[in-house]
Structure formats: structure tokens, C-alpha cells
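Coordinate inspection notes
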Amino acid sequence: MISWANNNKDCDHKVAFDLIFEVTEALNKEPERLNRLYELTVTAIRTTNLTRTIFITPILRSAPKQLKDLTILSQRNDYLKAEWHFYVAGPGKTNEN
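Residues numbered from 1 in each chain as written. Predicted model: local features only at pLDDT ≥ 70, side-chain atom pairs only at ≥ 80, totals over all residues. Heavy atoms only, no water.

**Focus on the sheet that holds strand β2 (residues 54–56)**
One open sheet holds the three strands; their spatial order is β1-β2-β3, and the pairing between them is parallel. The two strands at the open ends of the sheet, each matched to only one other strand, are β1 (17–18) and β3 (80–82). Here β1 pairs with β2 via two bridges, running parallel. Pairing of F17 across the sheet is with I54, part of β2. The strands touched by helix α3 (residues 31–46) within the sheet are β1, β2 and β3, with β2 carrying the most contacts at an inclination of about 175 degrees. (Pairing = 2+ DSSP bridges. Helix = DSSP H or I, 4+ residues; strand = E, 2+ residues; numbered from the N terminus. Contact = heavy atoms within 4.5 Å. Axes fitted to C-alpha atoms, helices over the stretch in contact; angles between N-to-C directions.)

This is the structure we're talking about:
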């Protein structure tokens, strides 16, 4: 992780780190483990990228209702964002979310 972050430290700040788009089935059942993974990963990235935006996502395929389960990381939160989404499945045009 550190070498990956170091290789990208000089990129334009329009480029961000998007750590996970959708959490795996295994991590969906272990939100504490996911939070620990984010803590370790963000800490490693911050050794060379102090002000680059990093996106994290909650469990259950980036479900907005699960944002509450994300832990605010301990270091350098000014450039950390949570992303979420849901899919609109057809043929209906409404979504209960």
C-alpha cells in the first residue's frame, strides 16, 4: 500500500483514492474488520499523500443506511469522504430508498 501511495503522490489532486467501490460478502458481515482495514490503509496512504481525497464506502454494497457503521478514522480526516449508492432496478421507476 505504501509503494502504491508513494507512486501516486505527485498526481494532480483531482485524482483521488477510491479504496472500495462495493464491500465483499465476507466483509459485509464484519463491519469492525472493514473499519480496521480502512484505518490501516488510510494511515499508510497519508505517509505520502497528506491532502489527497480518499473515499471509503460502507457495507452492503455501499448502502446509504450503513453509513452509520463507518468509524471516523483517527488521522487526517480533512480529506476523507464516504461514498454510497443504490441501483434503480427496472422496469419500475421508483425505489423504496
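And the narrative resumes.
**Some details on the side chain of S62**
Tracing the backbone through its elements, the reader meets S62 in helix α4 (residues 59–62). A distance of 2.5 Å separates a polar atom in the side chain of S62 from the backbone oxygen of F21. Setting aside residues up to four positions removed in sequence, S62 forms contacts with F21, E22, T57, W84 and H85. (Polar contact = N/O pair within 3.5 Å; in protein donor to acceptor, adjacent residues only side chain to side chain.)

**Here we look at the environment of D78**
Note on placement: D78 falls in the loop between α4 and β3. Residue classification places D78 among the exposed residues on the basis of a relative accessible area of 71%. In this structure, the C-alpha to C-alpha distance between D78 and L50, residues 28 residues apart in sequence, is 9.4 Å. (Buried < 20%, exposed > 50% of the residue type's maximum accessible area, 1.4 Å probe, protein only.)

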